[in-house]
Structure formats: C-alpha cells, structure tokens
Amino acid sequence: MPSPRVFITGIAGFAGSHLAELCVAKGDSVSGTLLPGTSARNLNAVRSEIEVITVDMLDRKALAGALRRAKPTWVIHLAAATSVGASFTDPEATIRNNVISSLNLLEAIRQDRTLMRSVEKVVMLASNEVYGRVRPSMIPVDENTPLRPVNPYGASKAAVDLIAHSYHASFGLPIVRVRASNHAGPRQATGFVVPDFCHAIAQLEHQKGRRVIKVGDLSARRDFSDVRDIVRGYRLLALKGRPGTIYHLGSGRARAIRSVLHTLLKLATCPIDVITDPKKLRPVEVPILRADISRARHDVGYQPAIPWNKTLFDTLEYWRERRRR
Ligand code: GDD
C-alpha cells in the first residue's frame, strides 16, 4: 500500500505538531495549514520533511486550492479556537472560526471531484465539552450522551460535530467524528490549566521572596491524556475508524485539577503558595468530564500509554527550557 498523504489543519499547533512528527515517523507524506502571521516553531524537528501551507481557513478559495494541490488521502482537522476560557471573552470569534473553517474544509472537499475520490478519511475534531454539565449518573459519557454544551466553545464544537454528521449523511464524505478529552504536554500554549500552572512554576522558581501561584477552580475534574497518546489516536482513526462513527479519545478516568496542581507543586524546586484568582473562575463551570473510550479501544485498538506523571514532568521541563531561551 502506498504511504498515505496526510493533510493536517493547524499543523503547527499543539496537537498538530505532535501529529506531524508521528506521521513523519510512520513514513506518511505530510502537509498542513498554518494560519498567516503565526509561528511554525513547533515544527522545527520535522520542518524539512513536511509541506507547510500558509492559509487562513476562513478563505475557502485559498483553502480549496491548497487541498487540491495536496491531494490528500487523509484530512485531519485540528485547526480551531480551543480555549474554553477565551470563548467567554469573545464568543463570536470562537464560534465563527470553528464553524466556518470546518464548513469551508468540508465544502472544499465536496465541491471537488478529484478530492472526493482521493480523500479516504476525514477526521473531524469535536470535544467532550459538547456534553456540558453532565449528571453524575451519566458519567462516564459515551458517544450517545445528549449534546448540551454550556459554553460558546462547547457550542461551536457541537455545531462542527453535527455539520460533519450531515456531510457524511448527505454527501457521503468519509467522516470520522472525534470527541477528544483534555490533553496536555509540551508546546500547549498558556490559557489551559496545565501550561498555566507549569509556566507560573517555571517563573516562580527564579523569583525571590514569597512565591504565589494564582489559580481558578480546583474542584473541577477532567479526563486528562498526554497529547502524544491522543495524536496516536487520531492517526489510528484515520487508518481504521469507521466513517459515520463518533469516537471518544481520552484516558477513561477523571482527575481533580487540585491533584494536578499538587503533583506539579511537588515537582517545583521551591515552596509555592496557592491563591484563588476570581478572574480565573468561569461564569459556568463543568464540574466533571470522564469519557468511555471502549469504542476506540475496540474498533481501532486505542490504548493510552503515557503515564500522567510523565506528561506533567515533560510539560514543566518544557516551560523551564522556554524560560531559559
Ligand atoms: N485554563 C485554566 N487556568 N484553567 C484552570 C485554572 C487556570 O489557572 N485553574 C483551574 N482551572 C480549571 C478550569 O476552570 C477547568 O475546570 C479546568 O481547570 C480545565 O481547564 P482548561 O485547561 O482550560 O481546559 P477545559 O477543560 O476547559 O477545555 C480543554 O479540554 C477540552 C476537552 O474536554 C480544552 O483543551 C478544550 O479545547 C478541549 O476540547
């Protein structure tokens, strides 16, 4: 079988860059989109082995041209506004970016006969934020749990998920829908809890006097995975996922944010006090998310492998290293 041609939207992003490295290591031919004006630094390790196309996905014509030139076998759509926190500040930007870029991608494929023939799988990313505040009796969520997002980000991803469903049902696009849980690791930007904590600790380790970390809600619980496991899941779903099917990727267990902070504070080289910053509390909080991942396990053999403590250690090291540079 010839090696797949993988087209990754948001290729220089947090998950995109890890996926690009994995695909290169597997021998795939890799290309992907980079938002104009953003950095490709995350791709340093594979830059000479991949094709990076600078294109704004809100520009459908330009995106269609890029796709036509790439003639992909697999399209893995990761480009998105991914911060729940930012979606409260600018809901319109989150919704517009996520919905229109996804629509443009699917339309670009649907309207081109060659692409309709060459594309064997489209992996469309949603999130378990689509479920919102789930009753404890409904935990773990499975792929049939009703969509009741409570924040603009979750709503944007629910819309993307349903649009993807309709493009499969109406036009036969070979779409696999993924609702991913939280993932962390090196290269994730601040604005998410693990990099927020690691970035602060890496700074405080070099500060004199009383050291204080400001945090949001520590009681929330999330289903955390290592990004390197999650991108392995994306590739497995491109390879073996059944079109028309929804898959969860996650760890299958819930961790309190308080325990994430506790582990990181133990790794810190100095004592650090914790205070709650009211500005970091959300207008609405999702108290717990935990995903049933048995379908991905059964259908494509997905199994998380990287211990959570390693994820936290590697991420803290990444922020220490960034501070040095
Ligand atoms: N960002 C952040 N910063 N969150 C904090 C902090 C802090 O200093 N302190 C506590 N939290 C809490 C948040 O209130 C939330 O309950 C939890 O930590 C996780 O927040 P985020 O890391 O911002 O992630 P998220 O769960 O809202 O969303 C992430 O996971 C989704 C999948 O469940 C994102 O990665 C989404 O893109 C993803 O779809």
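Refer to the preceding data block for the structure.
Report on the accompanying structure. These numbers were taken from a predicted model, which means no experiment stands behind them.

**A closer look at the packing of helix 7 (residues 193–204) against helix 9 (residues 257–267)**
The interhelical angle for the contact between helix 7 and helix 9, taken along N-to-C directions, is 30°, at an axis separation of 11 Å. With respect to each other, helix 7 and helix 9 are oriented roughly parallel. In the packing of helix 7 onto helix 9, the handedness of the crossing is right-handed. Contacts between helix 7 and helix 9 involve Val193, Val194, Phe197, Cys198 and Ile201 from the first element and Ile257, Val260, Leu261, Leu264 and Leu265 from the second. By residue class, the composition of the contact of helix 7 with helix 9 is 10 nonpolar, no polar and no charged.

**Some words on the packing of aromatic side chains**
Following the criterion strictly, the structure yields 3 aromatic pairs and no others. Residues tyrosine 167 and phenylalanine 171 carry aromatic rings whose centres are separated by 5.0 Å and whose planes lie at 65° to one another, so their mutual orientation is edge-to-face. Of the two residues, tyrosine 167 and phenylalanine 171 are both situated in helix 6 (residues 152–171); the distance of 4 residues between them amounts to about one turn of the helix. Arranged with centres 5.4 Å apart and planes meeting at 85°, the rings of tyrosine 318 and tryptophan 319 form a pair that is edge-to-face. Exposure class is identical for tyrosine 318 and tryptophan 319. Each is buried. Looking at arginine 110, its charged tip hangs above the ring of phenylalanine 171, at a distance of 4.6 Å from the centre.

**Focus: the pattern of salt bridges**
This model, assessed by the stated rule, comprises 20 salt bridges. Note that arginine 68 and aspartate 112 form a salt bridge whose closest N and O atoms lie 3.7 Å from each other. Residue arginine 68 is located in helix 2 (residues 60–70), and its partner aspartate 112 is located in the loop between helix 4 (91–110) and helix 5 (113–118); the two are separated by 44 residues in the primary sequence. Accessibility expressed as a relative area gives 44% for arginine 68, which makes it partly exposed. Residue lysine 280 is joined to aspartate 196 by a salt bridge in which the shortest nitrogen-to-oxygen separation is 3.8 Å. With lysine 280 in the loop between strand 13 (273–276) and helix 10 (294–300) and aspartate 196 in helix 7, the pair connects residues that are 84 residues apart, well separated along the chain. A relative accessible area of 22% places aspartate 196 in the partly exposed class. Residues joined by salt bridges that share partners form a network here, namely Asp226, Arg228, Lys310 and Asp314.

**A look at unusual backbone geometry**
Note the cis peptide between isoleucine 139 and proline 140, where omega equals 0°. Its location among the elements puts proline 140 in the loop between strand 5 (121–127) and helix 6. Unlike most non-glycine residues, lysine 71 shows phi in positive territory, near 40°. As for its placement among the helices and strands, lysine 71 is situated in the loop between helix 2 and strand 4 (74–77). Located in the positive-phi region is arginine 187, a residue other than glycine, with phi close to 85°. The exposure class of arginine 187 is buried, given its relative accessible area of 19%.

**Description of the sheet that holds strand 11 (residues 246–249)**
Pairing is parallel in the open sheet, where 7 strands are placed in the order 3-2-1-4-5-6-11. Looking at which strands have only one partner, the edges of the open sheet turn out to be strand 3 (51–54) and strand 11. Sheet twist, expressed as the mean angle between neighbouring strand axes with direction ignored, is 20°. Sheet topology note: the strand 2 (residues 29–34)/strand 3 ladder contains 4 bridges and is parallel. The partner of glycine 32 across the bridge, within strand 3, is valine 52. Across the face of the sheet, helix 1 (residues 14–26) comes into contact with strand 1 (5–9), strand 2 and strand 4 while running at roughly 170° to strand 1. Against the sheet, helix 6 makes contact with strand 5 and strand 6 (175–180), and its axis sits at roughly 155° relative to strand 5, the strand it touches most.

**Comments concerning the site of the ligand**
Not every one of the 21 residues close to the ligand is listed here, only the nearest: Thr82, Asn128, Tyr153, Arg282 and Glu285. Side-chain polar atom of asparagine 128 to an oxygen atom of the ligand: 2.5 Å apart, as the coordinates give it. Within the side chain of aspartate 196, an N or O atom sits 2.8 Å from a nitrogen atom of the ligand. About the coverage of the ligand: the protein hides 95% of its 720 Å² of free accessible area.

**Regarding the packing of helix 9 against helix 11 (residues 308–324)**
Contact geometry of helix 9 with helix 11 gives a least axis separation of 10 Å together with a crossing angle of 55°. As summarised for this structure, helix 9 and helix 11 are arranged oblique, according to the angle between their axes. Read as a crossing pair, helix 9 and helix 11 show a hand that is right-handed. For the pair formed by helix 9 and helix 11, the contact residues are Val260, Thr263, Leu264 and Leu267 on the first element and Trp308, Asn309, Leu312, Phe313, Leu316 and Arg320 on the second.

Cut-offs applied
- Residues numbered from 1 in each chain as written.
- Predicted model: local features only at pLDDT ≥ 70, side-chain atom pairs only at ≥ 80, totals over all residues.
- Heavy atoms only, no water.
- Axes fitted to C-alpha atoms, helices over the stretch in contact; angles between N-to-C directions.
- Helix = DSSP H or I, 4+ residues; strand = E, 2+ residues; numbered from the N terminus.
- Parallel < 35°, antiparallel > 145°, perpendicular 65-115°, else oblique.
- Left-handed = near helix turned anticlockwise from the far one by under 90°.
- Contact = heavy atoms within 4.5 Å.
- Nonpolar A, V, L, I, M, F, W, Y, C, P; charged D, E, K, R; others polar.
- Phe/Tyr/Trp six-rings, centres within 6.5 Å; stacked < 30°, edge-to-face > 60°.
- Buried < 20%, exposed > 50% of the residue type's maximum accessible area, 1.4 Å probe, protein only.
- Lys NZ or Arg CZ within 6 Å of the ring centre and 35° of its normal.
- Salt bridge = Lys/Arg side-chain N within 4 Å of Asp/Glu carboxyl O.
- Pairing = 2+ DSSP bridges.
- Near = heavy atom within 4 Å.
- Polar contact = N/O pair within 3.5 Å; in protein donor to acceptor, adjacent residues only side chain to side chain.
- Areas by Shrake-Rupley, 256 points an atom, 1.4 Å probe, with all protein chains shown as cover.

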